[in-house]
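Residue-level listing of the chains:
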Amino acid sequence: MSICQNHVQDITEVTILKYYRLRHIVTSNITSTLKDAFRLATEKMPECARLIPLFPEIKSTTMPYDALDSQEALKLKKVIDNMGDNWSMRDKAITSIVYYLGLRRGDIARLRIQDVDFESDSLSFIQSKTLVRQELPLRPVVGNAIYNYIVKERPSCDIESLFVIDDGKNIRPMTAWCVYDIMKKVFKAADVRTDGGLKGVHIFRHNLVSKLMHSGCDSLEVTAVLGHIRPESLKSYLSSDEKALKKCALDINEYPINMTAFNQYL
């Protein structure tokens, strides 16, 4: 007891110092923070070392990914499959790549014309995140959209980028943020998550994983499609799979529940 009384100020100072040094890190585990504080205090107070093992190990948890539900997915697909003349051919092509191939927005912005091979119906590019070359089959719906954009709409220029921005004054390569803005327009047209919630490009990547897994693809095949280096990278995607999570549910019919506890929150 005397140890705590004599040195509580020192421990507090160490904790505050650590907080300001690492203030860019959001710590969700108080136990971990206290253990780190005691480790830093050990140099001045060796007796703190014996207290560190007494803290229990608590696994960190993360919120499930805000994946699309079945109704949202249907509404978005309806818009994507029925893009009319009010959508540019460039935006149609980008949307088809996002929905059917699940590419990251940065990779879409960096695509070059030579990355598209219409002879072999393939799309080959270097991923910006892993710096590993990825080759994907070019589905007809995607290939046709890209071809129509290149032949009918893309301005003639010396830029290697597949997708460009033409504001009437100059032509420049597409940016990742422009890809994101296009997908926001798709969400708006589908009247999905207009009041908030995750929307953009990456959510379609999650949706593609769910569709592939439900169609019978194994984890190695899905990993290849996404361009992941390790199959373990799929964990964050699968943790938001509603159908897969329902298989893990336990029957609680044998355990009586006092409904009063639930009714007060209805």
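Our structure is the block above this text.
An account of the accompanying structure is given in this report. In this text the structure is predicted, and so the values were computed from the model without any measurement. (Residues numbered from 1 in each chain as written. Predicted model: local features only at pLDDT ≥ 70, side-chain atom pairs only at ≥ 80, totals over all residues. Heavy atoms only, no water.)

### Points about the environment of Leu208
Following the sequence through the fold, Leu208 ends up in helix α8 (residues 202-214). By relative accessible area, Leu208 is classed as buried at 6%. (Helix = DSSP H or I, 4+ residues; strand = E, 2+ residues; numbered from the N terminus. Buried < 20%, exposed > 50% of the residue type's maximum accessible area, 1.4 Å probe, protein only.)

### Quick look at the pattern of salt bridges
Per the stated rule, a full pass over the model turns up seven salt bridges. With its nearest N and O atoms 2.4 Å apart, the salt bridge here joins Lys77 to Asp81. Of the two residues, Lys77 and Asp81 both sit in helix α3 (residues 70-81), four residues apart, roughly one turn of that helix. On the basis of relative accessible area, Lys77 is assigned to the partly exposed category, the value being 30%. Since its relative accessible area comes to 40%, Asp81 is described here as partly exposed. Close ionic contact of Asp115 with Arg112 constitutes a salt bridge, the shortest N to O distance being 3.0 Å. Owing to a relative accessible area of 31%, Arg112 belongs among the partly exposed residues under this scheme. Connected through salt bridges with shared partners, the residues Arg90, Asp91 and Lys185 form a single ionic network. (Salt bridge = Lys/Arg side-chain N within 4 Å of Asp/Glu carboxyl O.)

### Regarding the nonpolar core
Of all hydrophobic cores here, the largest spans 41 residues; its most connected members are Ile97, Leu103, Phe163 and Phe204. At the level of elements, α3, α4 (89-101), α5 (105-110), β2 (122-126), α6 (140-153), β4 (164-166), α7 (176-189) and α8 are the ones that each hand at least two residues to this core. Examining the composition of this core, we find that seven residues originate from one element, α4, more than from any other. Setting aside anything within four residues of it in sequence, one finds Leu103 in contact with Ile97, Val98, Ile108, Leu111, Leu123, Phe125, Leu136, Val201 and Arg205. (Core = buried A, V, L, I, M, F, W, Y, C linked by side-chain atoms within 4.5 Å. Contact = heavy atoms within 4.5 Å.)

### Comments concerning the packing of α4 against α6
Viewed as axis vectors pointing N to C, α4 and α6 meet at an angle of 160°, and their least axial separation amounts to 8 Å. Judged by the angle between their axes, α4 and α6 are roughly antiparallel. For the pair α4 and α6, the sense of crossing is left-handed. For the pair formed by α4 and α6, the contact residues are Met89, Arg90, Lys92, Ala93, Ser96, Ile97, Tyr100 and Leu101 on the first element and Val141, Val142, Ala145, Ile146, Asn148, Tyr149, Lys152 and Glu153 on the second. Within the contact of α4 with α6, the residues separate by chemical class into ten nonpolar, two polar and four charged. (Axes fitted to C-alpha atoms, helices over the stretch in contact; angles between N-to-C directions. Parallel < 35°, antiparallel > 145°, perpendicular 65-115°, else oblique. Left-handed = near helix turned anticlockwise from the far one by under 90°. Nonpolar A, V, L, I, M, F, W, Y, C, P; charged D, E, K, R; others polar.)

### Re empty space enclosed by the protein
Evaluation of the coordinates by the stated rule reveals two cavities of 30 Å³ or more. In terms of lining residues, the second largest cavity is bounded by eleven residues, among which Gly102, Leu103, Gln134, Arg205 and Leu226 are the most central. Looking at the lining of the second largest cavity residue by residue, the classes come out as five nonpolar, three polar and three charged. (1 Å grid on protein atoms, 1.4 Å probe; cavity = no way out; pocket = protein on both sides within 12 Å on 5 of 7 lines; lining within 4 Å. Points joined across faces, edges and corners; volume = space filled by probe spheres on them.)

### Focus on α6
For α6, which comprises 14 residues, the first-to-last C-alpha distance of 19 Å matches the rise-based estimate of 20 Å (1.5 Å per residue) to within 8%. Among the residues of α6, those classed as buried are Val142, Gly143, Ala145, Ile146 and Tyr149. Looking straight down α6, one finds its buried side chains confined to an arc of 165°; they lie on one side. For α6, the exposed residues set more than 90 degrees away from the buried face come down to Pro140, Val151 and Lys152. Its buried side turned inward, α6 meets α4, β1 (116-117) and β4. (Expected span 1.5 Å × (residues − 1). Arc of directions from axis to C-beta.)

### Brief notes about the packing of α4 against α7
Direction vectors running N to C along α4 and α7 enclose 85°, while the axes themselves pass 10 Å from each other. As judged from the angle between their axes, α4 and α7 are roughly perpendicular. In this structure, α4 uses Arg90, Asp91, Ile94, Thr95 and Val98 to contact α7, whose residues at the interface are Val179, Ile182, Met183, Lys185 and Val186. Looking at the contact of α4 with α7 residue by residue, the class counts come to six nonpolar, one polar and three charged.

None of this, on its own, says anything about what the molecule does.
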